[in-house]
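A closer look at the structure
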Amino acid sequence: MLGWTLREVSAALKQGQITPIELCQKCLSLIKKTKFLNAYITVTEEVALKQAEESEKRYKNGQSLGDLDGIPVAVKDNFSTSGIETTCASNMLKGYVPPYNATVVQKLLDQGALLMGKTNLDEFAMGSGSTDGVFGPVKNPWSYSKQFREKRKQKPRGEKEDSNWLITGGSSGGSAAAVSAFTCFAALGSDTGGSTRNPAAHCGLVGVKPSYGLVSRHGLIPLVNSMDVPGILTRYVDDAAIVLGILAGHDPKDSTTVQDPVKPFVLPNLTDVSKLCIGIPKEYLVPELSSEVRSLWSKAADLFESEGAKVIDVSLPHTSYSIVCYHVLCTSEVASNMARFDGLEYGHRCDIDVSTEAMYAATRREGFNDVVRGRILSGNFFLLKENYENYFIKAQKVRRLIANDFVNVFNSGVDVLLTPTTLSEAVPYLEFIKEDNRTRSAQDDIFTQAVNMAGLPAVSIPVALSKHGLPIGLQFIGRAFCDQQLLTIAKWFEKQVQFPVIQLQELLNDCSSI
């Protein structure tokens, strides 16, 4: 049952095949069994069970709140949760308990969802591996899957069984691992440059980055205000559409949100794709792209073409500038956003009281890791009076050119773009940490960052397993606020590829619930 779609589980709850409390207890049991994955920072067992009791009463009275009533979900630990510690995986916010819920969290709770816990991430969501948080790295559940283990039997016998586990991708790796390991049915991530789509690709999940302004950012602790969006991680496209339909809409607490869209997000069963035009950006065929991803990308394009769709090569000429442009804009906004953590109002405060300046410096040195401090330093450099025009303003102009590239392509008649999500399958942790954070992020988010700078919707869909038995994902990019059309096409594609379910029976030693 834990591998079912949201609608299937919702129907089972309504028919009494299982109760919200039983479902909650199954997921809590799996959270305990998979604790070594380090997916959760905080497990809210008491809160979840109390919510399950209330949900059970509603079902008994025939007053279900909808498809999410009684459904276990998880939330990335950079979303504010009332009465529940919110740390951003940083010493700076250890012990910080917000007095309010983020809008997206509140919307889930208003629909009767059960909050299983807060998930792990890179510190302040700065990273692409979920390895740089203060609570330690997140392990990819596929490291322990039957599919991957069978392929690894050819490895040297002297190699330790758990010495080379795989990263989840990031920064929403905890949320991805939580869904992939069946501990919840959906999870919230955040996406600033690919932080939801990247781990979705590495963990065999659907990862949705909505249009900027469709979903409220209120209560999402900001990284880059002009690019941040709440993301959604699920096992199926339909599930993501249900959650997006609940989250989307205007929020008076977030001035960047648009007016309410048509609700709910019901995806039709697309049977004819012959009227679609699929664009293949030629600039995304980079030398670093693995041969397996390149092959699957080509096969996906051929699939659409064989079904009658028009598949054309398109150009996004300013793509090559996106990495540098993103770095300048990202670090500049980070420097501004991180200024609030000074040790005075909330969060960590050092014991030094020699002077205010000394207290500021020591607090930030103790509270932030090297990655965060490095980005603050870079951002403040770009924002210096003598550098502002040459770096920040120039990067903003390039961002406009990147956004216009997408506008021109979509105005030419293209419905969606089809691209890789990541350069390769998930890599072993020991290999991943050989590179520094900035280099890793630049490499891993090469296909995803431009979407955030343009404010467009995108979704990563798992396509197939690599020769090592690991998931590979492809990305669809849509027109601004055409999220429903994008997910409808993604749903058709999902049905065609029939991605296999992760097999964790040996790991969990109890396959009955999966």
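Residues numbered from 1 in each chain as written. Predicted model: local features only at pLDDT ≥ 70, side-chain atom pairs only at ≥ 80, totals over all residues. Heavy atoms only, no water.

**As for the overall build of the protein**
Which entries qualify depends on this criterion: Working definition: helices are DSSP H or I runs of at least four residues, strands are E runs of at least two. Numbering for both runs from the N terminus. Radius of gyration: over C-alpha atoms. The globule rule applied is 2.2 Å multiplied by the number of residues raised to the 0.38 power. Three exposure classes are used, based on accessible area relative to the maximum for each residue type with a 1.4 Å probe and protein chains only: buried under 20%, partly exposed in between, and exposed over 50%.
When helices and strands are counted, the protein shows 18 helices and eleven strands. At 22 Å, the protein has a C-alpha radius of gyration in line with the 24 Å of a compact globule built from 514 residues. The C-alpha extent of the protein, read off along each of the three principal axes, is 65 × 60 × 55 Å. Per-residue burial over the protein gives 60% buried out of 514 residues.

**As for empty space enclosed by the protein**
Picture a little ball the size of a water molecule; that probe, rolled over the atoms, points out where space is still empty. Going by this rule: Grid points spaced at 1 Å over the protein atoms alone were grouped into cavities, where a 1.4 Å probe fits but cannot get out, and pockets, open sets with protein on both sides within 12 Å along at least five of seven lines, with lining residues defined by an atom within 4 Å of a point. Grid points are joined across faces, edges and corners, and a volume is the space filled by probe spheres set on the points. Side-chain classes are defined by residue name, with Ala, Val, Leu, Ile, Met, Phe, Trp, Tyr, Cys and Pro counting as nonpolar, Asp, Glu, Lys and Arg as charged, and the others, Gly among them, as polar.
Taken as a whole and judged by the stated rule, the model has five cavities of 30 Å³ or more. Reported here for the largest cavity is a volume of approximately 60 Å³. Around the largest cavity sit N78, F124, A125, S190, T192, L220, I221, P222, L223, D228 and M338, which together line it. For the lining of the largest cavity, the per-class residue count stands at seven nonpolar, three polar and one charged.

**Section: the pattern of salt bridges**
We count it as follows: Any Lys or Arg side-chain nitrogen found within 4 Å of a carboxyl oxygen on Asp or Glu counts as a salt bridge.
In total, this model carries ten salt bridges according to the counting rule given. Note that R7 is salt-bridged to D67, the shortest N-O span being 3.8 Å. Here R7 is found in helix α1 (residues 6-15), whereas its partner D67 is found in the loop between α3 (45-60) and β2 (72-76), with 60 residues between them in sequence. The class for D67 is partly exposed, based on a relative accessible area of 25%. The residue D238 makes a salt bridge to R7 at a minimum N-O spacing of 3.9 Å. In this pair, D238 is assigned in helix α8 (residues 237-247) and R7 in helix α1, connecting sequence segments 231 residues apart. Residue classification places R7 among the partly exposed positions, given a relative accessible area of 37%. One network of salt bridges, with partners in common, ties together R7, D67, D238 and K491.

**With respect to the side chain of S180**
Filter applied, for reference: Any pair of residues with heavy atoms lying within 4.5 Å of one another is described as a contacting pair.
Among the structural elements, S180 can be located in helix α6 (residues 173-180). When near neighbours in sequence (up to four residues on either side) are disregarded, S180 contacts P141, W142, C203, L205, I502 and L504.

**Remarks on the layout of surface pockets**
The volume enclosed by the largest pocket comes to roughly 550 Å³. Around the largest pocket sit 26 residues that line it, and R235, Y236, E494, Q498 and F499 are the ones nearest its centre. Contributions of two or more residues to the lining of the largest pocket are made by β10 (458-465) and α17 (483-497). With six residues, the top contributor of residues to the lining of the largest pocket is α17. Looking at side-chain class alone, the lining of the largest pocket contains 14 nonpolar, seven polar and five charged residues.

**Things to note about the UniProt feature "domain: Amidase" (unreviewed entry) in the protein**
Defined as follows: UniProt positions are given in the numbering used here, feature names are shortened, and annotations may be inferred rather than shown by experiment.
The UniProt feature table records "domain: Amidase" (unreviewed entry) at residues 25-145 and 167-487. Helix makes up 27% of residues 25-145 and strand 12%, whereas the separation of the span's terminal C-alpha atoms amounts to 23 Å.

**Things to note about a nonpolar patch on the surface**
The cut-off we apply is this: Patch building starts from residues that exceed 30% relative accessible area and form no salt bridge, then joins like charges within 9 Å and nonpolar side chains (Val, Leu, Ile, Met, Phe, Trp, Tyr) within 5 Å. Here the Shrake-Rupley method, with its probe set to 1.4 Å, supplies the accessible areas, and only the displayed protein chains count as covering residues.
Judged by side-chain polarity, F381, L384 and Y391 come together as a nonpolar surface patch covering roughly 250 Å² of accessible area. By the element assignment, F381 lies in helix α12 (residues 370-382). For F381, a relative accessible area of 39% gives the class partly exposed.

**Examining the confidence of the model for the protein**
Here is the rule: For every residue, the predictor states its confidence as a pLDDT score lying anywhere from 0 to 100.
Here the protein averages 94 in pLDDT, and 95% of its residues register 70 or above. Here residues 510-514 scores under 50 on pLDDT; set against residues more than four positions off or in separate chains, the count is eight contacts.

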